[in-house]
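# Summary of the model geometry
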Amino acid sequence: MKVLLAFPMLDKQTGCYLKHAFETLDCEVETVDAKTNPYDLFPAAQRFKPNLVFCSRTPGLTPNILKIKSELPDASVAIYNVDSRTDVSEFSYMFEMADAADILYVKPAGNVEAFQKACPNTVVKELQEGCDPRFHRKFELTPEDEIYSCDCLFAGDFQSTVHEGRMELLNHLLKQDFDFKIWGGESYLLNEEHSRACLK
């Protein structure tokens, strides 16, 4: 099976794990970085001729997904929303792309019915995010891992404007009477390093 994967890839997170998972299933996989090059999706689909286009919820993919559905009828389109919210209206920007897809996967089971109402032309199913055993496993900690030692740790994009109130919360935690460390921005913790930090 040929899979065209359109997920953010530079952050070396979910997109990379999905690519590995599809390859483990003996799929031929080609990637488009949904964040940095969303408009490359349709040209890649024309050239690669995938059986499945597996996409993130990145808004810039919408015109390409609509074009794939109208001009490449042999390609099935699946969208995977790996984020969860109690109110799916926060994802209203993705309803048009999701409603054009063959299937929409969402993480929380509680969001399935609400997404199905918002996207009546597509099938909505729950799909939990898994682990990549290459990185998400037990590790023996070394003396070098002492740099992660703290009472509380945040690892992620602390400058993100997507997550309302994140900076305020982090600034509040920094003022508390416990050892709190932030790993993010230029000092991302990825893959094995992220797992070691969480163990510490």
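All values reported here derive from a predicted model rather than from experimental measurement. In this numbering scheme, every chain counts its residues from 1 along its sequence in written order. The predicted nature of this model means local features are confined to residues of pLDDT at least 70 and side-chain atom pairs, given and counted, to a pLDDT of 80 or more, with totals for whole chains, interfaces and linings taken over all residues. Side-chain descriptors were evaluated using all non-hydrogen atoms of the structure, hydrogens and water having been removed beforehand.

A word on the state of the cysteines. By definition, disulfides here are pairs of cysteine sulfur atoms that lie within 2.5 Å. Counted under the stated rule, the structure contains zero disulfides. In this structure cysteine 150 is not part of a disulfide, and its nearest cysteine sulfur, from cysteine 152, lies 6.8 Å away.

Attention now moves to the confidence of the model for the chain. Mean pLDDT for the chain: 86, with 87% of residues reaching 70 or above. What pLDDT expresses is the predictor's confidence in each residue, scored from 0 to 100. Numbering of helices and strands runs from the N terminus; a helix is a DSSP stretch of H or I covering at least four residues, while a strand is a stretch of E covering at least two. When mean pLDDT is compared element by element in the chain, strand 3 (residues 52-55) scores highest at 98, while helix 7 (residues 191-199) scores lowest at 67.

Bringing the packing of aromatic side chains into the picture now. Here a pair means two rings of Phe, Tyr or Trp (six-membered ring of Trp) with centres within 6.5 Å. Their orientation is stacked below 30 degrees between planes, edge-to-face above 60, and tilted elsewhere. Within this structure, the stated rule accounts for seven aromatic pairs. The interplanar angle of 15° and the centroid separation of 6.2 Å between the aromatic rings of phenylalanine 7 and phenylalanine 54 together place this pair among those described as stacked. Of the two residues, phenylalanine 7 sits in strand 1 (residues 2-7) while phenylalanine 54 sits in strand 3, which places them 47 residues apart along the sequence. With respect to class, phenylalanine 7 is no different from phenylalanine 54; both count as buried. Summarising the aromatic geometry, the rings of phenylalanine 22 and phenylalanine 54 are spaced 5.3 Å apart at their centres and angled 75° between planes, so their arrangement reads as edge-to-face. You can see phenylalanine 22 sitting in helix 1 (residues 14-24) and its partner phenylalanine 54 sitting in strand 3, a full 32 residues away along the chain. In this pair, the class of phenylalanine 22 matches that of phenylalanine 54, namely buried. The rings of Phe7, Phe22, Phe54, Tyr80 and Tyr105 are connected pair by pair, giving a single aromatic cluster. For the exposure calls, accessible area comes from a 1.4 Å probe over protein chains only, and a residue counts as buried if that area is under 20% of its type's maximum, exposed if over 50%, partly exposed in between.

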